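Coordinate inspection notes
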Amino acid sequence: MKRILIQLDTDSQASSFDAVTAIDAGVDHLLSYSQINPSNIVPLVQGAIFTRGSKELKNTAIFVGGSNVEAGEKVLAKVQESFFGSMRVSVMMDSNGCNTTAAAAVYYAKKQLDLSQSRAVVLGGTGPVGRRSAHILGSLGAEVVVVSRSLSKAEHVCSLIDDTTGRFTAAEIPAQGKIGSLLEGADLVIAAGAAGVQFATLDELSACESLKVVIDLNAVPPLGIGGIQSTDKANQIGSLICYGALGVGGLKMKIHHHLIEQLFESNDQVFDTSQIYNAALNMG
Amino acid sequence: MKRILIQLDTDSQASSFDAVTAIDAGVDHLLSYSQINPSNIVPLVQGAIFTRGSKELKNTAIFVGGSNVEAGEKVLAKVQESFFGSMRVSVMMDSNGCNTTAAAAVYYAKKQLDLSQSRAVVLGGTGPVGRRSAHILGSLGAEVVVVSRSLSKAEHVCSLIDDTTGRFTAAEIPAQGKIGSLLEGADLVIAAGAAGVQFATLDELSACESLKVVIDLNAVPPLGIGGIQSTDKANQIGSLICYGALGVGGLKMKIHHHLIEQLFESNDQVFDTSQIYNAALNMG
Amino acid sequence: MKRILIQLDTDSQASSFDAVTAIDAGVDHLLSYSQINPSNIVPLVQGAIFTRGSKELKNTAIFVGGSNVEAGEKVLAKVQESFFGSMRVSVMMDSNGCNTTAAAAVYYAKKQLDLSQSRAVVLGGTGPVGRRSAHILGSLGAEVVVVSRSLSKAEHVCSLIDDTTGRFTAAEIPAQGKIGSLLEGADLVIAAGAAGVQFATLDELSACESLKVVIDLNAVPPLGIGGIQSTDKANQIGSLICYGALGVGGLKMKIHHHLIEQLFESNDQVFDTSQIYNAALNMG
């Protein structure tokens, strides 16, 4: 029986990245849907659960994607609400690569640091990957500074992740773009901003004596941290251990491929942030 | 040569049900188009008929679907108008599963009853499956009551099917939702309403002494007839022989798969209500 | 590794012609995107270049299509701008079959005529195939009259192709539709108008003594030149050597299939008008 992945994408054009990755993970047929929101998915989910017998249902799965994480979360919730009893298929949520990229980035940070004793600064912390990186770091006991151009956006993201642990602090990028003041006591910087936004240079980051690890997740020049190469992978540059987007990207792709394959092992799995980070731990 | 099915769907999202079913019927490549109407299909049909040689053309076919049967009928007509000479491909119309589901339902009704001597009440008779069930029942000589919340809609559907035989009567659901008065003399009830609409309970239906067979085509709880299980298949419950959506659905899927396969036997077939019911007779 | 073609189509429905042709050329998975313009393709291109390793990248390619050639040209330019370094995939542009059809038509004209010494009249010269035919004919040294119902459109197309060589003349269809006056000294007529537009009959064309070759690229009756059969292929009719759409179409399809296959030979090719005409020369 053919493996069918139903790609539910919240953008006006379904992600080609997610499509190619699904095919490379062995999906036989990809059914791509764009402009997805909670109000138009019920018939698509019913088409998934009513077309194959219960023993064959594991050969159909759903992938939720798109550039907007909050939209993806709502779609994931509605997909799960549309299941009933054993009438369900496995589903993975990875809007904009948020979960797989964050999982890979935090995996590498954890190789270098005791995260439960670390302070992490996430630049571009309100974007898809930034907020998921903050989420995972916090779940491992780190103190996390979520940095955005907009303080209110940063505060909103902190409140969405968790507003009880006290581990999350919102911060905005200072007026002149000098982020040095945000780094005090930081062990880790993750740059997860939009393509083309450079937050700082390695020289500027080196002024922070506590800083040990820098991870830049932008693959399109100019990169997020000037002086990092996208291929850096645990490269020592001065006092800093550096990772670039392609250095992290190998593991990200491995996780992504693996989890798409895993979707077809049974019809009752949900892969969101914590499950995807756990997969990274087993694969790194 | 690869088997290509061109899915022309009148909805804003092409049906995933039809897509999965096509793949399971052996289609190699599915080309799905949504938001289809008579004004945008000509280039799509030309792309079907001008790309392969005349001997290979049977490997391309068209499927017309979507939730709106009238829109699907118009698309089917325009598809056929766009063919000329031997430049054509086979085409199947099954908007919202109307034809395959109705064919399976009537097949089972016919196993239990002499339909030419029967009176049938179709609840939700203006929906896709309801109107096709009424159509087939009438063509077999049954008297059919088409029931809707709106009398004018029911009358419209009766006029669309046939307004010369006198076999079709329109009726609206009574004010308190008590449908008992509609059942007088009925041998068969088919419930083909929207998901989540419960028309009556088996207890209420049992009050009708003439009634022998009840078929509920809704698979999503709450079902259309309270007390029926979706898996019922010729189950005797009190005086009634009962079928649920999954009980009928096995044959529906078998017909659907079979006809998709048959599309690729030659390039000049049209599968609409009567052809699809005939396929059910051969397969049940 | 699976061959993936990303179809970027500027129309509201992606071309089924291009889709079927891609599949017949051996593409394993087709990812079709409609409503494409320069502002929405960057993420789609990034999804193409960031998902596979550099040695595997040749297994992904991009096809630019749609009915509007100018829109396709802008998309092609933006696709190429979105590549950087070795992060690129091969791309082919053939909006409305403009390049493959024009290449095949001019290939056959060149078999019959010394194009560098010829005068060509392109009817429907502002359409996709017309303007590309004019472009190739001019590049081979022919004098070309670009004919349209609108003189200003014809002038615009001439200026787009080249306004320095003096080889291109714009002309409008005379008031009574009598095109005889446009043919003076012409060796070649190519009819590349919209389906259903008949420009002239073979009888009318025969009145032009210099005329030797007539190519009609319309496959849907009524054809562009009355008296030509769509299957004509170098048929002598009176004094004229005639080609119809299907007569030219065999080579067009062969070129189209071949170039789709060629896309997957390396990740750095661009197939536009000149490359596609060169392929025709090698294949005819």
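Attention here is on the structure that accompanies the text. (Residues numbered from 1 in each chain as written. Chains lettered and ligands numbered in written order. Predicted model: local features only at pLDDT ≥ 70, side-chain atom pairs only at ≥ 80, totals over all residues. Heavy atoms only, no water.)

Our next topic: the interface of chain C and chain B. With 17 residues of chain C in contact, the opposing surface of chain B contributes 20 residues. Both sides together, the interface formed by chain C and chain B hides about 1,400 Å², and carbon and sulfur atoms give 68% of it. Counting the contacts that link chain C with chain B gives 1 salt bridge. Ionic pairing is found between aspartate 24 of chain C and arginine 52 of chain B, a salt bridge with its closest N-O pair at 2.6 Å. Summed over the shared surface of chain C and chain B, the number is 5 residue pairs in polar contact (both at pLDDT 80 or more). In terms of residues, the side of chain C that touches chain B owes the most to one element, helix H1 (residues 16-24) of chain C, which gives 7 residues. (Contact = heavy atoms within 4.5 Å. Buried area = accessible area lost by both parts, 1.4 Å probe. Salt bridge = Lys/Arg side-chain N within 4 Å of Asp/Glu carboxyl O. Polar contact = N/O pair within 3.5 Å; in protein donor to acceptor, adjacent residues only side chain to side chain. Helix = DSSP H or I, 4+ residues; strand = E, 2+ residues; numbered from the N terminus.)

Let us look at the environment of serine 118 of chain A. Residue and element names in this part refer to chain A. Mapped onto the fold, serine 118 is located in the loop between helix H4 (98-112) and strand S5 (119-123). As a C-alpha pair, serine 118 and glutamine 198 span 80 residues in sequence and 24 Å in three-dimensional space. Filtering out sequence-adjacent residues up to four positions away, serine 118 remains in contact with Leu113, Ala142, Glu143 and Asp187. At 2.8 Å, the side chain of serine 118 forms a polar contact with the backbone oxygen of aspartate 114.

Here we come to the relation of the copies chain C and chain B. Each of the two chain copies can be brought onto the other by rotation about an axis and movement along it. Relative to chain B, chain C is turned by 120 degrees and slid 0.0 Å along the rotation axis, the superposed coordinates differing by an RMSD of 0.0 Å. The symmetry that links the two subunits is that of a three-fold axis. The C-alpha atom lying nearest the rotation axis in chain C is that of histidine 29 of chain C; the distance is 4.7 Å. (Least-squares fit on C-alpha atoms with pLDDT ≥ 70 in both.)

This part takes up helix H5 (residues 128-139) of chain A. All names here are of chain A. Here H5 contains 12 residues, and its C-alpha end-to-end distance of 17 Å stays within 8% of the 16 Å for a straight helix at 1.5 Å per residue. Of all 12 residues that make up H5, 10 are buried, and the element is covered over most of its length. Regarding H5, the residues found buried are Pro128, Val129, Gly130, Arg131, Arg132, Ser133, Ala134, Ile136, Leu137 and Gly138. Downstream of H5 by one or two residues, glycine 141 has phi in the positive range, about 100 degrees. (Expected span 1.5 Å × (residues − 1). Buried < 20%, exposed > 50% of the residue type's maximum accessible area, 1.4 Å probe, protein only.)

Let us look at unusual backbone geometry. Residue glutamine 35 of chain B is not a glycine yet carries a positive backbone phi of 55 degrees. Considering the arrangement of structural elements, one finds glutamine 35 of chain B in the loop between strand S2 (29-33) and helix H2 (42-49).

Our next topic: the nonpolar core. Among the nonpolar cores identified, the biggest contains 86 residues, and Leu8 of chain A together with Leu5, Leu137, Leu188, Ile215 and Ile255 of chain B are the most heavily contacted of them. Every residue in contact with leucine 8 of chain A, bar those within four places of it in the chain, is listed here: Tyr33, Ile36, Ile41, Leu44, Ile62, Phe63, Val64, Gly65, Val75 and Val79 of chain A. (Core = buried A, V, L, I, M, F, W, Y, C linked by side-chain atoms within 4.5 Å.)

Across the contact, 20 residues belong to chain C and 17 residues belong to chain A. Interface area, chain C with chain A, both sides summed: about 1,400 Å², of which 67% is carbon and sulfur. A per-residue breakdown of the area chain C buries against chain A is headed by His29, Phe50 and Thr51 of chain C, which together make up 34% of the total. Across the chain C-chain A interface, the total number found is 1 salt bridge. There are 5 residue pairs in polar contact (both at pLDDT 80 or more) connecting chain C and chain A. Elements represented by at least two residues in the side of chain C that touches chain A include exactly strand S1 (4-9), strand S2 (29-33) and helix H2 (42-49) of chain C. The element contributing the most residues to the side of chain C that touches chain A is H2 of chain C, with 5 residues. Looking at the side of chain C that touches chain A residue by residue, the classes come out as 11 nonpolar, 7 polar and 2 charged. (Nonpolar A, V, L, I, M, F, W, Y, C, P; charged D, E, K, R; others polar.)

Residues and elements named next belong to chain A. Side-chain alternation along strand S13 (residues 240-243) places Leu240 and Cys242 on one buried face and Ile241 and Tyr243 on a second face that is also buried. Judged from the 4 bridges that link them, strand S12 (residues 233-237) and S13 form a sheet pairing that is antiparallel. Note on S13: the bridge partner recorded for asparagine 235 is cysteine 242. Here S12 folds back onto S13, and the loop between the two strands holds 2 residues, one of which, glycine 238, carries a positive phi near 60 degrees. (Pairing = 2+ DSSP bridges.)

Residues and elements named next belong to chain A. Residue position: lysine 58 is located in the loop between helix H2 (42-49) and strand S3 (60-65). Classification of lysine 58 as partly exposed rests on a relative accessible area of 35%. The spacing of lysine 58 and arginine 3 is 55 residues in sequence and 8.4 Å in space, taken between C-alpha atoms. Contacts of lysine 58, omitting those with residues within four sequence positions, involve Leu263, Phe264, Glu265, Ser266 and Asn267.

Residue and element names in this part refer to chain C. Ordered in space as S2-S1-S3-S4-S14, the 5 strands form an open sheet in which the pairing is parallel. The two strands at the open ends of the sheet, each matched to only one other strand, are S2 and strand S14 (270-271). In this structure, S1 lies alongside strand S3 (residues 60-65), joined through 6 bridges in parallel fashion. Looking at S3, one finds that leucine 8 is bridged to valine 64. Seen against the sheet, H1 touches S1, S2 and S3 and runs at an angle of roughly 165 degrees to S1. (Axes fitted to C-alpha atoms, helices over the stretch in contact; angles between N-to-C directions.)

So, on to the sheet that holds strand S3 (residues 60-65) of chain B. Residue and element names in this part refer to chain B. Pairing within the open sheet is parallel, and its 5 strands lie in the order S2-S1-S3-S4-S14. Since the sheet does not close on itself, it has two edges, and those belong to S2 and strand S14 (270-271), each with one partner. Sheet topology places strand S1 (residues 4-9) next to S2; 5 bridges connect them, and they run parallel. Residue leucine 8 lies in a different strand from S2, and its bridge partner there is tyrosine 33.

According to the stated counting rule, one finds 24 salt bridges over all chains in the structure shown. Put simply, arginine 132 of chain B and glutamate 73 of chain B hold a salt bridge, and the shortest N to O gap is 2.6 Å. Taken as a pair, arginine 132 of chain B in helix H5 (residues 128-139) and glutamate 73 of chain B in helix H3 (residues 69-82) lie far apart in primary sequence, 59 residues in all. Classification of glutamate 73 of chain B by relative accessible area gives partly exposed; the value is 30%. Because the salt bridges share partners, they merge into one network encompassing Glu73, Arg132 and Asp272 of chain A.

Turning our eyes to something else, we now look at the pairing of strand S4 (residues 90-93) of chain C. Residues and elements named next belong to chain C. Of the two faces of S4, the one carrying Ser90 and Met92 and the one carrying Val91 and Met93 are both buried. Taken together, the 4 bridges between S3 and S4 define a ladder with parallel strand orientation. Counted as the bridge partner of phenylalanine 63 is methionine 92 from S4. Traced from S3 through helix H3 (residues 69-82) to S4, the parallel crossover comes out right-handed. Two strands pair when backbone bridges link them, and S4 and S14 are joined in this way by 2 bridges, in the parallel orientation. Within S14, the residue paired with methionine 92 across the bridge is phenylalanine 271. (Right-handed = clockwise from strand over helix to strand, strands pointing away.)

Residues and elements named next belong to chain C. Note that threonine 126 resides in the loop between strand S5 (119-123) and helix H5 (128-139). Among the residues examined, threonine 126 registers a relative accessible area of 17% and is labelled buried. Beyond its immediate stretch of four places on either side in the chain, threonine 126 contacts Arg131, Val146, Val147, Ser148, Lys153, Ala154 and Val157.

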